[in-house]
Amino acid sequence: MQYISDFNFKDKRAIIRVDYNVPLDREQRIIDPKKIDSTFFTINKIIEDGGRVVLISHLGRPKNGYEEEFSMKPIREYLEKAFNEEVKMTAVSDNPALYADKIVILENLRFYIGEEKADLAFAKELAKWGDVYINDAFATAHRKHASTVVLPTLFKEKFAGSLMQKEIENANKILHSPKSPFVLIVGGGKISDKIKPINKLLPLIDTLILGGGAANTFLKAMDVEMGDSLVQDDQMDHIYHILDYAKFKKIKIVLPIDLVVVKKNNDGEFSWPEVVDVDDDIDEGYMALDIGPKTQEKFASVIESAKTILWSGPMGVSENEFFRMGTLSVAKSIEKAVHNGAFSLIGGGDTAAALAEENIANFGFVSTGGSALLEYIADQKLPALVALG
Ligand code: ADP
Ligand code: MG
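All values reported here derive from a predicted model rather than from experimental measurement.

Reading the values: the criteria
- Residues numbered from 1 in each chain as written.
- Chains lettered and ligands numbered in written order.
- Predicted model: local features only at pLDDT ≥ 70, side-chain atom pairs only at ≥ 80, totals over all residues.
- Heavy atoms only, no water.
- Near = heavy atom within 4 Å.
- Polar contact = N/O pair within 3.5 Å; in protein donor to acceptor, adjacent residues only side chain to side chain.
- Areas by Shrake-Rupley, 256 points an atom, 1.4 Å probe, with all protein chains shown as cover.
- Buried < 20%, exposed > 50% of the residue type's maximum accessible area, 1.4 Å probe, protein only.
- Helix = DSSP H or I, 4+ residues; strand = E, 2+ residues; numbered from the N terminus.
- Right-handed = clockwise from strand over helix to strand, strands pointing away.
- Pairing = 2+ DSSP bridges.
- 1 Å grid on protein atoms, 1.4 Å probe; cavity = no way out; pocket = protein on both sides within 12 Å on 5 of 7 lines; lining within 4 Å.
- Points joined across faces, edges and corners; volume = space filled by probe spheres on them.
- Nonpolar A, V, L, I, M, F, W, Y, C, P; charged D, E, K, R; others polar.
- Patch = residues over 30% accessible without salt bridge, like charges linked within 9 Å, V, L, I, M, F, W, Y side chains within 5 Å.
- Salt bridge = Lys/Arg side-chain N within 4 Å of Asp/Glu carboxyl O.
- Lys, Arg positive; Asp, Glu negative; His and termini not counted.
- Charge placed at Lys NZ, Arg CZ, Asp CG, Glu CD.
- Phe/Tyr/Trp six-rings, centres within 6.5 Å; stacked < 30°, edge-to-face > 60°.

**Student:** Hey, could you run me through the site of ligand 1 in this one?
**Tutor:** In the vicinity of ligand 1, 17 residues are found, and the nearest of them are Gly189, Lys194, Glu319, Asp350 and Thr351. Between ligand 1 and glycine 213 there is a distance of 3.1 Å, counted from a nitrogen atom to a backbone nitrogen or oxygen. Here a nitrogen atom of ligand 1 and a backbone polar atom of glycine 316 are 3.4 Å apart. Against a free-state accessible area of 570 Å², the protein chains account for coverage of 79% of ligand 1.

Next comes the structure, spelled out in structure tokens:
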């Protein structure tokens, strides 16, 4: 694989696949710009060499072509302020010759059906925007989309950007003889997104901690009533398989013992949060939105004695500060473990966003990848990396 430090981009126009899928609030304001800022090293290198950049990214999950709420407009504005430079945004179908600017950004790649279908014709249309290709989007490196796996095949000169390089180097630190105990912490929303990486990582780890929505289906599999919590009944077979394998291989699975729950009234308003013991089940109408204080303690004792930690996904609905306590508590436990010599790697957009404002001294490297990070640790041949050669 070639890195950008090995090349001079003078007079070249680099098409850069970035991951600017940043969290936005209801007014389309960027909540956490970390993913954007992390690509500045790459962008600056091209510009300082005397080249130009065309940035391409997806944002959210638009369904039907253009949707205002998924437009890259707020990102364009952010870039303009950050670089103090006019940044133009345009459609893929536009004529590149009309844009001599140093920085151009194309509209959300997922407005075009060809992106997720890894369509060659769409990749060819994208290719006209660059002389060379750079992938700096580690967080989407596990996806087989036009911009990540087809587009690079259309270029002779293709590179991993410096963020991509840094992410790989940090992930490799976990891969090279991870010290035991190795604790994997999985949270977030849907367990279905995490089954594959969990299965791949199980043989490497000593303990699996589950929190957030990801834990709910496990609890249900153990006959806990989960009320109206996010549970994926269609994933039960996968859960039983994980539980069986863990038992057989003596891998500890640590689940929440208490949860923070709320009830939604008829007007859609939430009740004041309450803590419920998992043993007492969750009543109908109630939803588990965070781990409780006893769970925080239980998780802390496991995490603090770990020597290798990999964490992806918040312990609750961390966008809301009422349900961020569990996530912060895990971060603080990791900080202690790191202080005691553990190596930790934290990934995931929502996880990083929940921690961004907190004053935690050092909890190791915070990756811009969530699923991509887990998948990389499990198997380094991510499609976008393979495509870079
Ligand atoms: P990351 O972005 O860090 O990889 P995910 O995207 O997998 O994390 O998961 C984050 C999402 O999971 C957030 O939108 C959060 O609200 C949701 N989530 C976490 N815990 C719960 C829960 N108990 N019930 C419903 N959603 C949850
Ligand atoms: Mg997320």
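**Student:** Teacher, can you tell me more about the pairing of strand S14 (residues 343–347) here?
**Tutor:** Counting buried residues along S14, four of its five residues qualify, which places the element largely inside the surrounding structure. For the segment spanning strand S13 (residues 308–312), helix H12 (residues 325–339) and S14, crossover handedness is right-handed. Where S14 meets strand S15 (residues 365–366), two bridges bridge the pair, whose relative direction is parallel. For isoleucine 346, the partnering residue across the bridge sits in S15 and is valine 366.

**Student:** Before we go on, may I ask you to explain the layout of surface pockets in this structure?
**Tutor:** The rolling of a water-molecule-sized probe over the atoms marks out the regions of remaining empty space. Looking at the second largest pocket, its volume works out to about 460 Å³. For the second largest pocket, the lining is made up of 14 residues, of which Leu24, Asp25, Ile31, Glu319 and Asn320 are closest to its centre. Classifying every residue of the lining of the second largest pocket by side-chain character gives six nonpolar, two polar and six charged.

**Student:** Any chance you could explain a negative patch on the surface here in plain terms?
**Tutor:** Together, Asp223, Glu225, Asp228, Asp283 and Glu284 line one region of the surface with negative charge. The residue aspartate 283 is located in the loop between strand S11 (274–277) and strand S12 (286–291) in this model.

**Student:** Explain the packing of aromatic side chains here, please?
**Tutor:** Applying the stated criterion across every chain, the model contains 11 aromatic pairs. Aromatic pair phenylalanine 7 and phenylalanine 9: ring centres 4.8 Å apart, planes at 65 degrees, arrangement edge-to-face. A relative accessible area of 0% places phenylalanine 9 in the buried class.

**Student:** Sorry, what's going on with empty space enclosed by the protein here?
**Tutor:** Scanning the entire structure with this criterion turns up two cavities of 30 Å³ or more. Approximately 70 Å³ is the volume found for the largest cavity. Val22, Pro23, Asp32, Lys34, Lys35, Gly348, Gly349, Ala352, Ser367 and Thr368 together form the lining of the largest cavity. Secondary-structure elements contributing two or more residues to the lining of the largest cavity are helix H1 (34–37) and helix H13 (349–356). In terms of residue class, the lining of the largest cavity is built from three nonpolar, four polar and three charged. As a volume, the second largest cavity reaches approximately 30 Å³. Lining the second largest cavity, in full, are Asp19, Lys35, Asp136, Phe138, Ala139, Leu163 and Thr368.

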